[in-house]
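In case you want the letters, here they are:
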Amino acid sequence: MYGIKAAVRRLDFAPEAKDMEVIDVTSGRFVFRPRPGKAVSLAALEKAITQAGYEIEKTRIEVSGQLTDDGRLRIPETGQVFRLVGEKPSGNLATVAGGWKAEGEEQIVLLDEPRTGEEKP
């Protein structure tokens, strides 16, 4: 796990290695919260991981921001914009989660299915 953390740590948006939480040592699964005020890049993350000799099986992201008129999510602190795919939340502010992918420089969130009050988390 140290190799993955060291690779990710080199990214501008990455936190300190101690702030990356190992979820499963066997599979190499870990999570981290990017540094505040720093835009994230899936392409940069993938490059760092593969250059360290690892591969990414799956990525997820949770982001909070302002919904734009064209249904995207803008992060006020960084100006970064995410294209949302799936059932979009209503309102002006939202926190969304789902699969994370990129097409060129565009960051995309494949939104999770919305939960109803009857479903258990």
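It should be emphasised that the depicted structure is a prediction, and the values quoted were computed from it without experimental measurement.

Draft legend 1. Up close: the overall build of the chain. In terms of regular secondary structure, the chain is built from two helices and seven strands. Over its C-alpha trace the chain gives a radius of gyration of 15 Å, about what one expects of a compact globule, namely 14 Å for 121 residues. Taken over the C-alpha atoms alone, the chain extends approximately 40 × 35 × 25 Å along its principal axes. Within the chain, buried positions represent 31% of all 121 residues. A sequence separation of at least 24 residues applies to 46% of the contacts in the chain between residues at least 6 apart. With the model as given, the accessible surface of the chain reaches about 8200 Å², and the carbon-plus-sulfur share is 47%.

Draft legend 2. Expanded view of the environment of E113. If you trace the backbone, E113 turns up in the segment after β7 (106-111). Along the primary structure E113 and A97 are separated by 16 residues, whereas in three dimensions their C-alpha atoms are 9.4 Å apart.

Draft legend 3. Examining the side chain of Q80 more closely. Along the chain, Q80 turns up in the loop between β4 (72-74) and β5 (81-85). You can call Q80 buried: its relative accessible area is 13%. A polar contact of 2.6 Å, which involves the side chain of Q80, links it to the backbone oxygen of V40.

Draft legend 4. The nonpolar core, seen in detail. V8, L45, V63, L73, F82, V96 and V109 are the most contacted members of the largest nonpolar core, which totals 24 residues. For this core, the secondary-structure elements that each account for two or more residues are α1 (2-9), α2 (42-51), β3 (60-67), β5, β6 (93-103) and β7. Tallying contributions element by element places α2 first for this core, with four residues. Setting aside residues up to four positions removed in sequence, V63 forms contacts with L73, I75, F82, A94, T95, V96 and V109.

Draft legend 5. The arrangement of α2 in detail. Taken as a whole, α2 has its buried residues at L42, L45, A48 and I49. Angular distribution of buried residues about the axis of α2 spans 130 degrees; they occupy a single face of the element. Facing away from the buried side of α2, by more than 90 degrees, are the exposed residues K47 and Q51. You can read the cap of α2 off the contacts: a side-chain oxygen lies 3.4 Å from the backbone nitrogen of A43, and it is on S41.

Draft legend 6. Region of the structure containing the packing of aromatic side chains. This model, assessed by the stated rule, comprises one aromatic pair. Aromatic pair F13 and F32: ring centres 6.4 Å apart, planes at 20 degrees, arrangement stacked. Highlighted residues: F13 in the loop between α1 and β1 (21-24) and F32 in the loop between β2 (29-31) and α2, separated in sequence by 19 residues. The exposure class assigned to F32 is partly exposed, which follows from its relative accessible area of 22%.

Conventions we followed
- Residue numbers restart at each chain and count upward from 1, following the sequence in its written direction.
- At least 70 in pLDDT is required for a residue's local features to be given in this predicted model, at least 80 for side-chain atom pairs to be given and counted, and no such filter applies to totals for whole chains, interfaces and linings, which use all residues.
- The basis for the side-chain values is all heavy atoms of the structure; hydrogens and waters are excluded.
- Helical segments are the DSSP runs of H or I of at least four residues, strand segments are the runs of E of at least two, and each set is numbered from the N terminus.
- Throughout, the radius of gyration refers to the C-alpha atoms, and the reference size of a globule is 2.2 Å times the residue count to the power 0.38.
- Here the term buried applies to any residue with accessible area under 20% of the maximum for its type, exposed to any over 50%, and partly exposed to those in between, with areas from a 1.4 Å probe on protein chains only.
- Residue contacts follow a heavy-atom distance rule, with two residues in contact if any of their heavy atoms lie within 4.5 Å.
- All accessibility values rest on the Shrake-Rupley procedure with a 1.4 Å probe; residue burial counts only the protein chains present in the view.
- N or O atoms closer than or at 3.5 Å make up a polar contact, with two conditions inside protein: a donor-capable atom paired with an acceptor-capable one, and, for residues adjacent in sequence, both atoms drawn from side chains.
- Joining through side-chain atoms within 4.5 Å is the link that ties buried Ala, Val, Leu, Ile, Met, Phe, Trp, Tyr and Cys residues into a set, and such a set is a nonpolar core.
- Of all possible arcs, the one meant is that of the directions from the helix axis to the C-beta atoms.
- For this analysis, a ring pair means two rings from Phe, Tyr or Trp (six-membered ring only for Trp) whose centres lie within 6.5 Å, classed as stacked if their planes differ by under 30 degrees, edge-to-face if by over 60, and tilted for the remaining angles.

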